[in-house]
Amino acid sequence: MQPTGIPVEREQLTGQSLFSDLGPRTLESIARGGWTVEKRRAARILGRGDHLDGLYTVFEGSLKLYMLSCNGDERVLRILQPGDTFGEAIMFNEIPSPVFVDSLAPVRLGYFPRQIIDKALSSNPKFTLSMLRSMSMIMSQLIHDLETCCLQNALQRTVNYLLREADSAPPHVEIQLPAPKAVVASTLNISAETFSRELHRLKDQGLIEINRRTIYLRDREGLLAIARGLNPEAVAV
């Protein structure tokens, strides 16, 4: 990828999970070797078959990482938000991209060539551990998503998504959907209509409230019961 000439500031990296354990000198070195990429909404960042000689990190905005079926149906695998990275496996394995990445909103990304990343990995064990942890978390999430799609019905997928988004939050929690409902539904391998129907089903049961893309969890125990395949009334006191 050709440099844009827009520099990356060291402070931009401190909020990125991949770089959070690094000291100022290492952060400065990585920032100097990268550059900022700015794109409008609905811009193609990465196409299937493309090669990458570096990785991206998200500073602002959101993106969808997805695949297309033979008949053109879209399957969203990840919704990328500030703090996320992508392109690591393509870069390290020197393989064509198996996925597409498009922006869902105006985005500001950081791009870091492989030689900069390799240098940081070879000189900083903390960065190596951060990279392994980041890629392991992505793999774990993909395995979880595969299990969800194969073993759970649409209601359970919806509930598990809400609980995952509200992880470690209080019982009455507010969730902001990170993308339009159709995109979120695609990550669950269900249609937008099904996702909307299941949300309103939960609302009718008094388990959640909905205000556009904001969802309020009102009965965490009831949602956990559904996720386990139980009737929420079974845990009612």
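Residues numbered from 1 in each chain as written. Predicted model: local features only at pLDDT ≥ 70, side-chain atom pairs only at ≥ 80, totals over all residues. Heavy atoms only, no water.

Student: Explain the packing of aromatic side chains to me, and be specific about the residues and the numbers.
Tutor: Tallied over the full model, the rule gives six aromatic pairs. Note on Trp-35 and Tyr-111: the rings are 5.4 Å apart at their centroids and 40° apart in plane angle, and the pair reads as tilted. Of this pair, Trp-35 sits in strand β1 (residues 35-39) while Tyr-111 sits in strand β8 (residues 107-113); the two residues are 76 residues apart in sequence, bridging distant segments of the chain. For the pair shown, Trp-35 and Tyr-111 are each scored as buried. Judged by centre distance (5.3 Å) and plane angle (20°), the rings of Tyr-66 and Phe-100 are stacked. Remark: Phe-100 occurs in strand β7 (residues 100-103) and Tyr-66 occurs in strand β4 (residues 63-68); sequence separation between them is 34 residues. What makes Tyr-66 buried here is its relative accessible area of 3%. (Phe/Tyr/Trp six-rings, centres within 6.5 Å; stacked < 30°, edge-to-face > 60°. Helix = DSSP H or I, 4+ residues; strand = E, 2+ residues; numbered from the N terminus. Buried < 20%, exposed > 50% of the residue type's maximum accessible area, 1.4 Å probe, protein only.)

Student: Give me the lowdown on the pairing of strand β3 (residues 54-60), citing residues and values where you can.
Tutor: In terms of burial, β3 is largely enclosed, as six of its seven residues are buried. Pairing of β3 with β8 involves six bridges; the strand directions are antiparallel. If you follow Tyr-56 over to β8, its bridge partner there is Tyr-111. For β3 and strand β6 (residues 85-86), the ladder comprises two bridges, and the chain directions are antiparallel. When the bridges of β6 are listed, Thr-57 appears paired with Thr-85. (Pairing = 2+ DSSP bridges.)

Student: Got a sec to walk through the layout of surface pockets? Specific residues and values, please.
Tutor: Considered as a void within the structure, the largest pocket measures approximately 790 Å³ in volume. Lining the largest pocket are 25 residues; nearest its centre among them are Arg-78, Ile-79, Asp-84, Met-137 and Gln-141. Among the secondary structure elements, those contributing two or more residues to the lining of the largest pocket are β5 (74-80), α5 (125-151) and α6 (154-165). Ranked by residues supplied to the lining of the largest pocket, first place goes to α5 with eight residues. (1 Å grid on protein atoms, 1.4 Å probe; cavity = no way out; pocket = protein on both sides within 12 Å on 5 of 7 lines; lining within 4 Å. Points joined across faces, edges and corners; volume = space filled by probe spheres on them.)

Student: Give a detailed account of the packing of helix α4 (residues 114-123) against α5, specifying residues and quantitative values.
Tutor: Closest axis-to-axis distance for the α4/α5 pair is 5 Å, and the angle between their directions is 115°. Here α5 runs roughly perpendicular to α4, going by the angle between their axes. Contacts from Ile-117, Ala-120, Leu-121 and Ser-123 in α4 reach Pro-125, Phe-127, Thr-128 and Met-131 in α5. Of the residues that constitute the contact of α4 with α5, the class distribution is six nonpolar, two polar and no charged. (Axes fitted to C-alpha atoms, helices over the stretch in contact; angles between N-to-C directions. Parallel < 35°, antiparallel > 145°, perpendicular 65-115°, else oblique. Contact = heavy atoms within 4.5 Å. Nonpolar A, V, L, I, M, F, W, Y, C, P; charged D, E, K, R; others polar.)

Student: How would you sum up the sheet that holds β1? Please name residues and give values.
Tutor: If you trace the four strands from one edge of the open sheet to the other, you get β1-β8-β3-β6, paired in antiparallel fashion. Of all strands in the sheet, those with a lone pairing partner are β1 and β6, marking the two edges. Summarising the sheet, β1 and β8 pair through five bridges and their orientation is antiparallel. Directly across from Lys-39, in β8, lies its bridge partner Val-107.

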